[in-house]
Amino acid sequence: SSLAFSLLINGLCIRGRLLQAVRLFGACIPSAPSAQIISPLEGVEPDAFSYNTIVNGLCKIGNTNAAIKLFKKMEQRGVELDLVTYNAIIDSLCKDKVIADTFNLFSELKNIAISPNCVTYSSLIHGVCNLGKWKEATKLLNVMVATKFSADVSTAEMIFNLLLDGEGLFDAH
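I will try to describe carefully the structure that is included in this document. Given the structure is predicted, the values throughout are model-derived calculations rather than measurements.

1. So, the pattern of salt bridges
- All chains considered together, the criterion is met by 1 salt bridge.
- Lys95 is paired through a salt bridge with Asp91; the nearest N and O atoms lie 2.9 Å apart. Within this pair, Lys95 and its partner Asp91 are both found in helix H5 (residues 83–95), separated by 4 residues, close to a single helical turn.
- Residue Lys95 is classed as exposed on the basis of its relative accessible area of 62%.
- The exposure class assigned to Asp91 is partly exposed, which follows from its relative accessible area of 24%.

So this is what it looks like as structure tokens:
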């Protein structure tokens, strides 16, 4: 069943066996519509949870490009993209310091009427702060607060450290 498959994929990822999870996951996705090989997983259709588990695992090991390819495959196959999918890739792109792509994805998220959450804003704030873009961090923080989200401990600590370092974070209005 799809539920058992999703749980198996998740369990492999939790145990650090991402490569096995990716192989198993790939066995469920036919590469060609005319594939004549009968798989023991025939009829098992990965759901959004399975896709998100693999996307998140790929992002955590720094393989953002593979995660983005899977993200696009989700779109092509009609799998519903949700905030979990977007947050994993946004966070990974921020860690890779690919801010332009990050903000493009963030815009896409808002355009399809998925509301960003604290995780989304925290990832973006961390990303721009790591690039020294204090004004952009301030703008994001202001939007975050205006939408009634509070910064998580890590984001609050980063902002506090910026203030202590005299970066003038709040002078950027």
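2. So, the packing of helix H3 (residues 48–60) against helix H4 (residues 64–76)
- Direction vectors running N to C along H3 and H4 enclose 160°, while the axes themselves pass 7 Å from each other. Considered as vectors, H3 and H4 are oriented roughly antiparallel to each other. Note that H3 runs across H4; the crossing there is left-handed. Here Tyr51, Asn52, Ile54, Val55, Leu58 and Cys59 of H3 come into contact with H4, specifically with Thr64, Ala66, Ala67, Leu70 and Met74.
- Residue composition of the contact of H3 with H4, by class: 9 nonpolar, 2 polar and no charged.

3. Considerations on the packing of aromatic side chains
- The tally for this structure, following the rule as stated, stands at 4 aromatic pairs.
- Between Phe71 and Tyr86, the aromatic rings sit 5.2 Å apart at their centres with planes inclined by 85°, giving edge-to-face as the arrangement. Taken as a pair, Phe71 in helix H4 and Tyr86 in helix H5 lie far apart in primary sequence, 15 residues in all.
- Owing to a relative accessible area of 5%, Phe71 belongs among the buried residues under this scheme.
- A centroid spacing of 5.9 Å and a plane angle of 75° characterise the contact between Phe106 and Tyr121, whose relative ring orientation is edge-to-face. Highlighted residues: Phe106 in helix H6 (residues 99–111) and Tyr121 in helix H7 (residues 118–130), separated in sequence by 15 residues. Assigned by exposure class, Phe106 and Tyr121 land together as buried.
- One aromatic cluster is present, formed by Phe103, Phe106, Tyr121 and Phe149 through successive ring pairs.

Definitions and limits used
Residues numbered from 1 in each chain as written. Predicted model: local features only at pLDDT ≥ 70, side-chain atom pairs only at ≥ 80, totals over all residues. Heavy atoms only, no water. Salt bridge = Lys/Arg side-chain N within 4 Å of Asp/Glu carboxyl O. Helix = DSSP H or I, 4+ residues; strand = E, 2+ residues; numbered from the N terminus. Buried < 20%, exposed > 50% of the residue type's maximum accessible area, 1.4 Å probe, protein only. Axes fitted to C-alpha atoms, helices over the stretch in contact; angles between N-to-C directions. Parallel < 35°, antiparallel > 145°, perpendicular 65-115°, else oblique. Left-handed = near helix turned anticlockwise from the far one by under 90°. Contact = heavy atoms within 4.5 Å. Nonpolar A, V, L, I, M, F, W, Y, C, P; charged D, E, K, R; others polar. Phe/Tyr/Trp six-rings, centres within 6.5 Å; stacked < 30°, edge-to-face > 60°.

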